[in-house]
Amino acid sequence: MQRVDQVISERLTTEVPLVREVAQYIISAGGKRLRPALLLLVSGAINSQNPQRHTLAAVVEFIHTATLLHDDVVDESTLRRGRETANERFGNAASVLVGDFLYSRAFQMMVDINDMRVMQVLSDATNVIAEGEVLQLMNMHDATIDEAAYLRVIRSKTAKLFEASARLAPILAGADAHTEALCAEYGQALGTAFQVIDDVLDYEGSADELGKNLGDDLREGKVTLPIICALRSGSEAQKALLRQAIEQGDVAHLDAIRDIILQTGALDAARVSAHAEAQRAIEAAKQLPVNAYSAALLQLAAGLLERRS
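Now for a look at the structure at hand. (Residues numbered from 1 in each chain as written. Predicted model: local features only at pLDDT ≥ 70, side-chain atom pairs only at ≥ 80, totals over all residues. Heavy atoms only, no water.)

### Thoughts on the overall build of the protein chain
Here's step 1: Secondary structure assignment for the protein chain yields 17 helices and two strands.
Here's step 2: Here the protein chain has a C-alpha radius of gyration of 19 Å; the compact-globule value for 309 residues is 19 Å, and the two agree.
Here's step 3: The principal-axis extents of the C-alpha atoms in the protein chain amount to approximately 60 × 45 × 30 Å.
Here's step 4: Counting only residues that meet the buried cut, the protein chain has 56% of its 309 residues in that class.
Here's step 5: At a minimum sequence separation of 6, the contacts of the protein chain that also span at least 24 residues come to 76%.
Here's step 6: Accessible surface computed for the protein chain: about 13,200 Å², of which carbon and sulfur atoms make up 51%.
Here's step 7: Computed over 30 positive and 42 negative side-chain charges, the inter-centroid distance for the protein chain is 4 Å. (Helix = DSSP H or I, 4+ residues; strand = E, 2+ residues; numbered from the N terminus. Rg over C-alpha atoms; globule rule 2.2 N^0.38 Å. Buried < 20%, exposed > 50% of the residue type's maximum accessible area, 1.4 Å probe, protein only. Contact = heavy atoms within 4.5 Å. Areas by Shrake-Rupley, 256 points an atom, 1.4 Å probe, with all protein chains shown as cover. Lys, Arg positive; Asp, Glu negative; His and termini not counted. Charge placed at Lys NZ, Arg CZ, Asp CG, Glu CD.)

### Comments concerning helix α16 (residues 266–285)
Here's step 1: For α16, spanning 20 residues, the distance from its first C-alpha to its last is 29 Å, which sits close to the expected 28 Å at 1.5 Å a residue.
Here's step 2: Looking only at α16, the buried set comprises Ala-266, Leu-267, Ala-270, Arg-271, Ser-273, Ala-274, Glu-277, Ala-278, Ala-281, Ile-282, Ala-284 and Ala-285.
Here's step 3: Where α16 is buried, its residues meet α8 (147–157), α10 (177–204), α13 (225–233), α15 (254–263) and α17 (292–303). (Expected span 1.5 Å × (residues − 1).)

### Looking at the packing of aromatic side chains
To describe a pair of aromatic rings, you give the distance between the ring centres and the angle between the ring planes.
Here's step 1: Under the definition given, this model contains two aromatic pairs.
Here's step 2: Between the NZ or CZ atom of Arg-35 and the centre of the ring of Phe-194, over which it lies, the distance is 5.8 Å.
Here's step 3: We note Arg-83 situated over the ring of Tyr-25; from NZ or CZ to the ring centre the distance is 3.9 Å. (Phe/Tyr/Trp six-rings, centres within 6.5 Å; stacked < 30°, edge-to-face > 60°. Lys NZ or Arg CZ within 6 Å of the ring centre and 35° of its normal.)

### A word on the side chain of Asn-139
Here's step 1: Along the chain, Asn-139 turns up in helix α7 (residues 116–139).
Here's step 2: Residue classification places Asn-139 among the buried residues on the basis of a relative accessible area of 18%.
Here's step 3: Among all residues touching Asn-139, those that are not within four sequence positions of it are Ile-145, Ala-149, Val-153 and Gly-221.

### Re the pattern of salt bridges
Here's step 1: Summed over all chains, the structure comprises 20 salt bridges.
Here's step 2: With a shortest N-O distance of 3.9 Å, Glu-10 and Arg-3 are connected by a salt bridge.
Here's step 3: A salt bridge links Arg-280 to Glu-277, with the shortest nitrogen-to-oxygen separation between them at 2.6 Å. In this pair, Arg-280 and Glu-277 are both assigned in helix α16, three residues apart and thus about one turn of the helix distant.
Here's step 4: A single salt-bridge network, built from bridges that share partners, covers Asp-75, Asp-217, Arg-219, Glu-220 and Lys-222. (Salt bridge = Lys/Arg side-chain N within 4 Å of Asp/Glu carboxyl O.)

### Some details on the packing of helix α2 (residues 17–27) against helix α4 (residues 53–75)
Pairs of packed helices are described in terms of their axes, by the angle between the two and the distance that separates them.
Here's step 1: Contact geometry of α2 with α4 gives a least axis separation of 10 Å together with a crossing angle of 100°. As judged from the angle between their axes, α2 and α4 are roughly perpendicular. Residues Val-22, Ile-26 and Ile-27 of α2 pack against Phe-62, Thr-65, Leu-68 and Leu-69 of α4.
Here's step 2: Of the residues assigned to the contact of α2 with α4, the class counts are six nonpolar, one polar and no charged. (Axes fitted to C-alpha atoms, helices over the stretch in contact; angles between N-to-C directions. Parallel < 35°, antiparallel > 145°, perpendicular 65-115°, else oblique. Nonpolar A, V, L, I, M, F, W, Y, C, P; charged D, E, K, R; others polar.)

### What about α4?
Within an α-helix, residues lying three or four positions from one another point in the same direction, as the helix has 3.6 residues per turn.
Here's step 1: Compared with an ideal rise of 1.5 Å per residue, which puts 23 residues at 33 Å, α4 spans 32 Å between its outermost C-alpha atoms and is within 8% of the ideal.
Here's step 2: Of all the 23 residues making up α4, 21 are buried; the element is thus mostly covered by neighbouring parts of the structure.
Here's step 3: Of the residues one or two after α4, Glu-76 is the one with positive phi, at around 55°.

### Notes on the nonpolar core
Here's step 1: Formed by 54 residues in total, the largest nonpolar core has its most connected members in Leu-38, Tyr-186, Leu-218, Ile-227, Ile-261 and Leu-297.
Here's step 2: Counting residues per element, this core draws most heavily on α10, which supplies 12 residues.
Here's step 3: Not counting residues within four places of it along the chain, the set of residues in contact with Tyr-186 comprises Leu-38, Ala-281, Ala-284, Ala-285, Leu-297, Leu-298, Leu-300 and Ala-301.
Here's step 4: Within the second largest apolar cluster, 42 residues are counted, among which are Leu-12, Ile-26, Ile-27 and Ala-57. (Core = buried A, V, L, I, M, F, W, Y, C linked by side-chain atoms within 4.5 Å.)

Structure (structure tokens):
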């Protein structure tokens, strides 16, 4: 990971000071670096030490960071990882344009690797992520969204880059199709579980733990799994309050809504879904070679369910 950070620093070079300032601001914000770490762990699990893995891990982080910059502008977010979002500090225009810079820099780095399969996987992933963002936009303030529609969004918007990160390791290693499929399965399942838990924490955690404003999803009209589960099992009065909050982006009754989500067992129901995805990841990882890296992949999937931030 130190080598990945070194590549990130080297490839953030630009003669435009504002680009460098905004990019460094968000990249140095203390994120988990989960996607690049996943690429490195999967590489180790399949006994691959391809020197290009660090460059690709940096590419994945650049793509992820670009999506964060754009997401925060679209969502009008003010807080991420416990501090001001880039759009709050530098403005929307700078955030969008630096996001574009990071996307294009990522594609420059892909070209340097000169592997058509790598470019195919990452270009497909970025396209699917963009589709997921638009799907989510279309679903805003729609209280009829069900679990299948929710999963379609998060598998596009969040899990796709996890899947691509895990898939890139066997591609670099020249592994067989079965190994590639296992790694991709692990990444997609892990990414799905990660997002479900993230949505649970929006109602369960504190702003200090999460580094973001609680209730943001509801204010934006995003229908996440805890809300869907509460709408399935709540009383008519509870459902009416939830529908009103979704359709109007109303967080005035956030405490009452959190109570409904707790009373209906919605968080437990959502965690059951996350557990099923984590178990799917575990089953895939169990079929990889047994070593310290595959053990870490198993631990990562199991530990996701204990996540608090």
